[in-house]
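# Reading the structure
Chain by chain, the residues run as shown.
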Amino acid sequence: MTTLVILPGLDGTAALHAQFVACLGDVFGPVTVLRYPPDKALDYAALEVLVRAGLPRDVPFVLLGESFSGPIALSIAADPPVNLVGVVLSTTFARTPLPFFSPLAPLTRFAPVRALPLALLSWWLLGRWATPALNVALERALLEVHPNVLRQRAAFAMQADVSALLTRVTLPVLYLRAEGDRLIMPGAGELILSTIKHATVRSVAGPHLLLQACPSPAARAVRDFVEGLQSARLR
């Protein structure tokens, strides 16, 4: 049975995916969320090394790159291990979604991470799908990570660009687009979809934190994708 490996968003924790995993049902074997070190500001290249070391070696698996982790998932898909059978990209990008802010990336070291109001983060990342439980979970996840690590990851995302690798991605790809995303603009997904011609897209009514706020429809889209992969392999 296919395994699912989830690469988390900016927080890098495994604290925000329980409901999404529960909604996946029995289409997968084990589901793993790879955690990033909460106290080490590893760049994308170092995180890719870390991720590759944690991937399954003997079973087929699907890699899901969420938000911040999209560039890692795409880089791995461009040079995949033999047992990687498909890639899911959730509310993410190949090139920084905030290109006008790229020159300001070094200034993120001064960002008052702990001082940002939860209400602002909730509006930005959860929108009208916010609930008290989601707000608490988001705050707790961010508190698990050293502030400097969050700042550095934001800077890395602001400078990310793996767009040159997109033409090398031949594996099946599903792009999950959140219709209410206030962080990732539509152009980020369009770049991926227009370059990886065989990629498919599934739009879901939800915010940037799609897997957390809308776990059931997001899981349904992933299940449909994986069931399609399994059917193709049986033909």
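Our subject is the structure listed above.
Residues numbered from 1 in each chain as written. Predicted model: local features only at pLDDT ≥ 70, side-chain atom pairs only at ≥ 80, totals over all residues. Heavy atoms only, no water.

### What to know about the overall build of the protein chain
The number of helices and strands found in the protein chain is nine helices and six strands. With 235 residues in all, the protein chain has 51% of them scored as buried. Taking contacts inside the protein chain between residues at least 6 apart in sequence as the whole, the part at least 24 apart equals 79%. Surface summary for the protein chain: the accessible area is close to 10,800 Å², and the carbon and sulfur share equals 61%. (Helix = DSSP H or I, 4+ residues; strand = E, 2+ residues; numbered from the N terminus. Buried < 20%, exposed > 50% of the residue type's maximum accessible area, 1.4 Å probe, protein only. Contact = heavy atoms within 4.5 Å. Areas by Shrake-Rupley, 256 points an atom, 1.4 Å probe, with all protein chains shown as cover.)

### A short note on the pattern of salt bridges
Pairing between side chains of opposite charge can happen when their charged atoms approach one another. Tallied over the full model, the rule gives five salt bridges. Between Arg-35 and Glu-144 there is a salt bridge, with its nearest N and O atoms 3.8 Å apart. Within this pair, whereas Arg-35 is found in the loop between strand S2 (31-33) and helix H2 (44-54), its partner Glu-144 is found in the loop between helix H5 (132-143) and helix H6 (147-158), the two being separated by 109 residues in sequence. Residue classification places Arg-35 among the partly exposed positions, given a relative accessible area of 45%. (Salt bridge = Lys/Arg side-chain N within 4 Å of Asp/Glu carboxyl O.)

### Regarding the packing of aromatic side chains
For any pair of aromatic rings, geometry is given as the distance between the ring centres together with the angle between the planes. A complete count under the given rule lists one aromatic pair for this structure. Each ring, one from Tyr-44 and one from Phe-68, has its centre 4.8 Å from the other, and the planes form 20 degrees; the classification is stacked. Linking Tyr-44 in helix H2 with Phe-68 in the loop between strand S3 (61-66) and helix H3 (70-78), this pair joins segments that are 24 residues apart in sequence. Taking relative accessible area as the criterion, Phe-68 reaches 2% and is therefore assigned buried. (Phe/Tyr/Trp six-rings, centres within 6.5 Å; stacked < 30°, edge-to-face > 60°.)

### Quick look at the pairing of strand S1 (residues 3-7)
When you tally the buried positions in S1, you get five out of five residues, the bulk of the element. Both faces of S1 are covered, namely the face carrying Thr-3, Val-5 and Leu-7 and the face carrying Leu-4 and Ile-6. The pairing of S1 with S2 spans three bridges and is classified as parallel. Looking at S2, one finds that Leu-4 is bridged to Val-31. Note on the crossover from S1 through helix H1 (residues 18-23) to S2: the handedness is right-handed. (Pairing = 2+ DSSP bridges. Right-handed = clockwise from strand over helix to strand, strands pointing away.)

### Let's talk about the sheet that holds S1
The six strands lie next to each other as S2-S1-S3-S4-S5-S6, forming an open sheet whose pairing is parallel. Every other strand in the sheet has two partners, leaving S2 and strand S6 (200-204) as the edge strands with one partner each. This sheet shows a mean twist of 20 degrees between the axes of neighbouring strands, independent of strand direction. Both S3 and strand S4 (residues 84-90) contribute to a ladder of six bridges, which runs parallel. By the bridge assignment, Leu-63 is partnered in S4 with Val-87. Each of S1, S3 and S4 touches H3; the most contacted strand, S4, lies at about 155 degrees to it. (Axes fitted to C-alpha atoms, helices over the stretch in contact; angles between N-to-C directions.)

### Comments concerning the environment of Gln-212
The residue Gln-212 is located in helix H8 (residues 210-213) in this model. By relative accessible area, Gln-212 is classed as buried at 6%. If we ignore the near neighbours within four places in the chain, the residues touching Gln-212 are Leu-16, His-17, Gln-19, Glu-66 and Leu-134. For Gln-212, the side chain forms a polar contact with the side chain of Glu-66, separated by 3.1 Å. (Polar contact = N/O pair within 3.5 Å; in protein donor to acceptor, adjacent residues only side chain to side chain.)

### Quick look at the packing of H2 against H3
In contact at an axis separation of 10 Å, H2 and H3 are set at 60 degrees when each is read in the N-to-C sense. Crossing angle aside, the handedness with which H2 passes H3 is right-handed. Between H2 and H3, the contacting residues are Tyr-44, Leu-47, Glu-48, Val-51 and Arg-52 on the first element and Pro-71, Ile-72, Ser-75 and Ile-76 on the second. Residue composition of the contact of H2 with H3, by class: six nonpolar, one polar and two charged. (Left-handed = near helix turned anticlockwise from the far one by under 90°. Nonpolar A, V, L, I, M, F, W, Y, C, P; charged D, E, K, R; others polar.)

### Details of the side chain of Glu-66
Structurally, Glu-66 is set in strand S3. No salt bridge forms around the buried Glu-66; measuring N to O, its nearest opposite-charge neighbour Arg-153 is 11 Å away. For Glu-66, the side chain forms a polar contact with the main-chain nitrogen of Gly-9, separated by 3.3 Å. Separated by 2.7 Å, the side chains of Glu-66 and His-17 make a polar contact. Not counting chain neighbours up to four residues away, the residues in contact with Glu-66 comprise Leu-7, Pro-8, Gly-9, His-17, Ser-90, Leu-211 and Gln-212. (Lys, Arg positive; Asp, Glu negative; His and termini not counted.)

### Some thoughts on the environment of Leu-24
Along the polypeptide, Leu-24 turns up in the loop between H1 and S2. Spatially, the C-alpha atom of Leu-24 lies 8.7 Å from that of Pro-215, the residues being 191 residues apart in sequence. Apart from the residues lying within four places of it in its own chain, the contact partners of Leu-24 are Leu-4, Val-31, Ala-219, Val-222 and Arg-223.

Everything listed is a geometric property; what it means functionally is a separate question.
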